[in-house]
Amino acid sequence: MISLLLLLGAAPAHALDISWWGVGPGFGTRVVPLAYPVYPKTAKDAGFEQVEGNFEFSMRAVAYADKVGRIALRGGLGGNFGTWGSQEFTVGWDQLLVRDGTLQLLLGVGVGVGHERTYAEAGETNPYWDVQYFPVRATIGGLLRDKWRGYELDLWGTWHVVGKQELCTTADDCEAPPNVADSLGFYGGLGIEATVFFGSFASAK
């Protein structure tokens, strides 16, 4: 967290290259763990099942700082076409490791806010497990660019710092885990994401 703030604070020392930027959609999935999440005891006792298989759709925007890296914004939606859904927004910094012609290799870190909900069964009238969290997201990826587009493939890892967890039988009847031991779960994982950026990548860098 402190490292990210220092990187973002250093970014204004490098002129943002407004002629080299991109906005576009991303599509991805979590691959580890295959069954997500590892629920805390309160949710396990209530019979909530892990999600097997998921998709993620995101909108991303990047603006480059000369010869250094880029500021990155990402808003994402996730789900499994059934019982689970999530929303997340992060801001981060992607450091340029390789800048060889049309190829870039980037290493990034971001933080933000998120929310996810799992229903005991499909249908919004069923009991659900509700989690508010603060994601810490790290990525390593490669981007190929032409004049107007950038094609990026990333490997990412995320860790969710849980802010609030509740078991809800209805929207007006929610209870938090009674103690720390019952609230410990694992909300993290590894995945892949592919993004197509539309913008301007034609600067002679």
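As shown above, the structure is provided for reference.
Engineer: Is there a simple way to think about the nonpolar core in this case?
Structural biologist: Residues Tyr 36, Tyr 39, Ala 43, Phe 48, Val 51, Trp 84, Trp 129, Val 131, Tyr 133 and Tyr 187 constitute the largest nonpolar core, which totals 10 residues. In terms of residue count, the dominant contributor to this core is strand 8 (residues 128-145) (3 residues). Those residues in contact with Val 131, other than ones at most four positions away along the chain, are Gly 114, His 115, Glu 116, Val 162, Lys 164, Gln 165 and Tyr 187. Among the nonpolar cores identified, the runner-up in size contains 9 residues, and Trp 20, Ala 72, Leu 143 and Phe 197 belong to it.

Engineer: Quick question: what am I supposed to make of the pairing of strand 7 (residues 103-119) here?
Structural biologist: Where a strand is regular, its side chains alternate between the two sheet faces. Sheet topology places strand 6 (residues 84-100) next to strand 7; 16 bridges connect them, and they run antiparallel. The partner of Ser 86 across the bridge, within strand 7, is Glu 116. Between strand 6 and strand 7, which follow one another and run antiparallel, lie 2 residues, and Gly 101 among them has a positive phi close to 65 degrees.

Engineer: Please clarify how empty space enclosed by the protein should be interpreted in this entry.
Structural biologist: Rolled over the atoms, a probe sized like a water molecule indicates the empty space that remains. Counting across every chain of the model gives 2 cavities of 30 Å³ or more. Of the voids in this model, the largest cavity is the one considered here, and its volume is about 180 Å³. Surrounding the largest cavity, 19 residues form its lining, Arg 60, Ala 72, Asp 94, Arg 137 and Thr 139 being those nearest its centre. Where the lining of the largest cavity is concerned, the elements lending two or more residues are strand 5 (69-79), strand 6, strand 7, strand 8 and strand 9 (149-170). Split into classes, the residues belonging to the lining of the largest cavity amount to 6 nonpolar, 5 polar and 8 charged. Of the pockets and cavities examined, the second largest cavity occupies roughly 120 Å³. Lining the second largest cavity are 15 residues; nearest its centre among them are Glu 56, Arg 74, Ser 86, Glu 88 and Tyr 133. Where the lining of the second largest cavity is concerned, the elements lending two or more residues are strand 4 (55-65), strand 5, strand 6, strand 8 and strand 9. With 4 residues, strand 5 is the largest single contributor of residues to the lining of the second largest cavity. Among the residues forming the lining of the second largest cavity, the class breakdown is 4 nonpolar, 5 polar and 6 charged.

Engineer: Just checking my understanding: could you explain the packing of aromatic side chains for this structure?
Structural biologist: The description of two aromatic rings rests on the distance between their centres and on the angle between their planes. For the structure shown, the criterion picks out 8 aromatic pairs. Ring centres of Tyr 119 and Tyr 128 lie 5.3 Å apart, and the angle between their planes is 55 degrees; on these two criteria the pair is classed as tilted. Comparing Tyr 119 with Tyr 128, the two get one shared label, buried. Among the aromatic residues, ring-to-ring pairing joins Trp 20, Tyr 64 and Phe 201 into one connected group. Here the guanidinium or amino end of Arg 30 rests over the ring plane of Tyr 36, the centre of that ring lying 3.8 Å away.

Engineer: Help me understand the state of the cysteines, please; the structure alone is not making it clear to me.
Structural biologist: Each disulfide consists of one covalent bond between the sulfur atoms belonging to two cysteines. On inspection of all chains with the given rule, the structure shows 1 disulfide. Covalent S-S linkage joins Cys 168 and Cys 174, the inter-sulfur distance amounting to 2.1 Å. One disulfide, between Cys 168 and Cys 174, carries an S-S torsion of 115 degrees and so falls in the right-handed class. Residue class for Cys 174 comes out partly exposed when judged on its relative accessible area of 26%.

Engineer: Please explain the pattern of salt bridges as it appears in this structure.
Structural biologist: Two side chains with opposite charge may pair up if their charged atoms get near one another. Applying the stated criterion across every chain yields a total of 13 salt bridges. A salt bridge links Asp 154 to Arg 60, with the nearest nitrogen and oxygen atoms 3.0 Å apart. Of this pair, Asp 154 sits in strand 9 while Arg 60 sits in strand 4, placing them 94 residues apart in sequence. Across the pair, Arg 60 and Asp 154 agree in class, each one buried. Taking the shortest distance from any N to any O, the salt bridge between Arg 137 and Glu 193 comes out at 3.5 Å. Of this pair, Arg 137 sits in strand 8 while Glu 193 sits in strand 11 (residues 188-200), and the two are 56 residues apart along the sequence. By relative accessible area, which is 6% here, Arg 137 ends up buried. Counted as one network, the salt bridges with shared partners bring together Glu 56, Arg 60, Arg 70, Arg 74, Glu 88, Asp 94, Arg 137, Glu 152, Asp 154 and Glu 193.

Rules used throughout
Residues numbered from 1 in each chain as written. Predicted model: local features only at pLDDT ≥ 70, side-chain atom pairs only at ≥ 80, totals over all residues. Heavy atoms only, no water. Core = buried A, V, L, I, M, F, W, Y, C linked by side-chain atoms within 4.5 Å. Buried < 20%, exposed > 50% of the residue type's maximum accessible area, 1.4 Å probe, protein only. Helix = DSSP H or I, 4+ residues; strand = E, 2+ residues; numbered from the N terminus. Contact = heavy atoms within 4.5 Å. Pairing = 2+ DSSP bridges. 1 Å grid on protein atoms, 1.4 Å probe; cavity = no way out; pocket = protein on both sides within 12 Å on 5 of 7 lines; lining within 4 Å. Points joined across faces, edges and corners; volume = space filled by probe spheres on them. Nonpolar A, V, L, I, M, F, W, Y, C, P; charged D, E, K, R; others polar. Phe/Tyr/Trp six-rings, centres within 6.5 Å; stacked < 30°, edge-to-face > 60°. Lys NZ or Arg CZ within 6 Å of the ring centre and 35° of its normal. Disulfide = S-S within 2.5 Å. Salt bridge = Lys/Arg side-chain N within 4 Å of Asp/Glu carboxyl O.

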